[in-house]
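What the coordinates show
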Amino acid sequence: NAGVTQTPKFRVLKTGQSMTLLCAQDMNHEYMYWYRQDPGMGLRLIHYSVGEGTTAKGEVPDGYNVSRLKKQNFLLGLESAAPSQTSVYFCASSRGSGPYEQYFGPGTRLTVT
Amino acid sequence: AQSVAQPEDQVNVAEGNPLTVKCTYSVSGNPYLFWYVQYPNRGLQFLLKYITGDNLVKGSYGFEAEFNKSQTSFHLKKPSALVSDSALYFCAVRDPGDGGFKTIFGAGTRLFVKA
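Quick summary incoming for the structure in this document. (Residues numbered from 1 in each chain as written. Chains lettered and ligands numbered in written order. Predicted model: local features only at pLDDT ≥ 70, side-chain atom pairs only at ≥ 80, totals over all residues. Heavy atoms only, no water.)

1. Side note on the overall build of chain A
- In terms of regular secondary structure, chain A is built from 0 helices and 11 strands.
- Scanning chain A from its N terminus toward the C terminus, one meets helices and strands in the order β-β-β-β-β-β-β-β-β-β-β.
- Radius of gyration (C-alpha) of chain A: 13 Å, near the 13 Å computed for a compact globule of 113 residues.
- When the backbone C-alpha atoms are referred to their principal axes, chain A occupies close to 35 × 30 × 25 Å.
- For chain A, the proportion of its 113 residues judged to be buried stands at 51%.
- If you take every contact in chain A between residues at least 6 apart in sequence, the share linking residues at least 24 apart comes to 55%. (Helix = DSSP H or I, 4+ residues; strand = E, 2+ residues; numbered from the N terminus. Rg over C-alpha atoms; globule rule 2.2 N^0.38 Å. Buried < 20%, exposed > 50% of the residue type's maximum accessible area, 1.4 Å probe, protein only. Contact = heavy atoms within 4.5 Å.)

2. Some remarks on the interface of chain B and chain A
- The interface is formed by 22 residues belonging to chain B together with 25 residues belonging to chain A.
- Buried surface at the junction of chain B and chain A, both sides included, amounts to about 1,800 Å², of which 56% is carbon and sulfur.
- Taken together, the links from chain B to chain A amount to 1 salt bridge.
- As a salt-bridge pair, K49(B) and E101(A) come within 2.8 Å of each other at their nearest N and O atoms.
- Counting residues per element, the side of chain B that touches chain A draws most heavily on strand β5 (residues 32-38) of chain B, which supplies 4 residues.
- Here the residues of the side of chain B that touches chain A are counted per class, giving 11 nonpolar, 7 polar and 4 charged. (Buried area = accessible area lost by both parts, 1.4 Å probe. Salt bridge = Lys/Arg side-chain N within 4 Å of Asp/Glu carboxyl O. Nonpolar A, V, L, I, M, F, W, Y, C, P; charged D, E, K, R; others polar.)

3. Digging into the pattern of salt bridges
- Considering all chains together, one arrives at 7 salt bridges over all chains under this definition.
- Via salt bridges that share partners, R36(A), D38(A) and R44(A) belong to a single interconnected network.

4. Points about the nonpolar core
- Judged by nonpolar contacts, the single largest core of 28 residues is most densely connected at W35(B), L47(B), L48(B), F74(B), L76(B) and Y89(B).
- The element that contributes the greatest number of residues to this core is strand β10 (residues 87-94) of chain B, accounting for 4 residues.
- M32(A), V60(A), Y64(A) and V112(A) belong to the second-largest nonpolar core, a separate cluster that totals 19 residues. (Core = buried A, V, L, I, M, F, W, Y, C linked by side-chain atoms within 4.5 Å.)

5. Brief notes about the sheet that holds strand β8 (residues 73-78) of chain A
Residues and elements named next belong to chain A.
- Spatial ordering of the open sheet is given by β1-β3-β8-β7, a layout of 4 strands whose pairing is antiparallel. At either end of the open sheet lies a strand with only one pairing partner, and these are β1 (4-7) and β7 (65-67). Pairwise comparison of adjacent strand axes, ignoring direction, gives a mean angle of 20° for this sheet.
- Two strands pair when backbone bridges link them, and β1 and strand β3 (residues 19-25) are joined in this way by 4 bridges, in the antiparallel orientation. Looking across to β3, one finds that Q6 is bridged to C23. (Pairing = 2+ DSSP bridges. Axes fitted to C-alpha atoms, helices over the stretch in contact; angles between N-to-C directions.)

6. With respect to the side chain of S94(A)
- Summarising the element assignment, S94(A) is placed in strand β9 (residues 87-94).
- On the basis of relative accessibility, which here comes to 0%, the residue S94(A) falls in the buried class.
- Reaching out from S94(A), the side chain makes a polar contact with the backbone oxygen of G96(A) at a distance of 2.8 Å.
- In contact with S94(A), other than residues within four places in its own chain, are H29(A), E30(A), Y31(A), Y33(A), Y100(A), E101(A), Q102(A) and R94(B). (Polar contact = N/O pair within 3.5 Å; in protein donor to acceptor, adjacent residues only side chain to side chain.)

7. Thoughts on the layout of surface pockets
- Here the largest pocket is characterised by a volume of approximately 620 Å³.
- The wall of the largest pocket is formed by 28 residues, among which Q37(A), V88(A), R109(A), Q38(B) and N41(B) lie closest to the centre.
- At the level of elements, β9 and β11 (108-112) of chain A together with β10 of chain B are the ones that each hand at least two residues to the lining of the largest pocket.
- Per-element tally for the lining of the largest pocket: the top contributor is β9(A), with 3 residues.
- Its residues assigned to classes, the lining of the largest pocket comprises 11 nonpolar, 11 polar and 6 charged. (1 Å grid on protein atoms, 1.4 Å probe; cavity = no way out; pocket = protein on both sides within 12 Å on 5 of 7 lines; lining within 4 Å. Points joined across faces, edges and corners; volume = space filled by probe spheres on them.)

8. Description of the environment of K114(B)
Residue and element names in this part refer to chain B.
- Tracing the chain through its elements places K114 in strand β12 (residues 109-114).
- Given the relative accessible area of 66%, K114 is considered exposed.
- Along the backbone, K114 and D54 are 60 residues apart, and their C-alpha atoms lie at a distance of 32 Å.

Dropping the structure here:
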C-alpha cells in the first residue's frame, strides 16, 4: 500500500514550457486535491476532484489545468510556466469531504527560471 | 470568509517540557478542525481532528488538542516534548456549511525541541 505517490519529485522549467505532474493513490479515495506550498503561506488549493471525471477550481486555479480520467489518478498541468509558479506542489486524497482527513504525497519541487 | 491563524511562526521548547502550538479560526457554524505535521522534504501527515463531542481530542505520537468554541481556538499540546517532534505544524479547518470540500490551512508553526 503506497498511499499517495507523485511524479516527478523535482523539475526545472524555463518560462513558457509546459509540464504535467502525476498523482496516484491506491486507497480507493473519491476526493483528490492539488495544493501549492509557498513559504509563510501554508497550503493553497489549486484544483480538486470529487470523483472520476469531475474537477473544480480551488483558491488559486489560474495557470493550471487538471484531469481525473481514472479514479486513482489526478493530473496537474502547466501549459505555459511562469516564475510565479515556482513552488512545492502536493497532491492529497481523502475518503470524502467534511470530517475526513487528507493523505498527502511527498511533493514535487518545481522551479521556473 | 473562513480563515485560520497560527500566531507564532516558531515555538522553542526544551525536551521533556510541555509544548503548545496555538491555532485560532474564523468559520461560521461548527467547523471540522485538523492538525497536520510536516517533516523536512515530506508531505503533510495527519495528527488529529475534532468533529464533535469531547473538547479534548487525542491523536498520534502523544499529541492532543483542545477545542474551545467560545475562543474559536484549537491549540495543539503535548505533555512532554521530544527532539523528534521538531517539525512544521499546520492547523486546518473545513466549513461543513459550504459542502466541506475545501480545507483552509494556517501558515504553519515551526517547532524546535532542544535536547
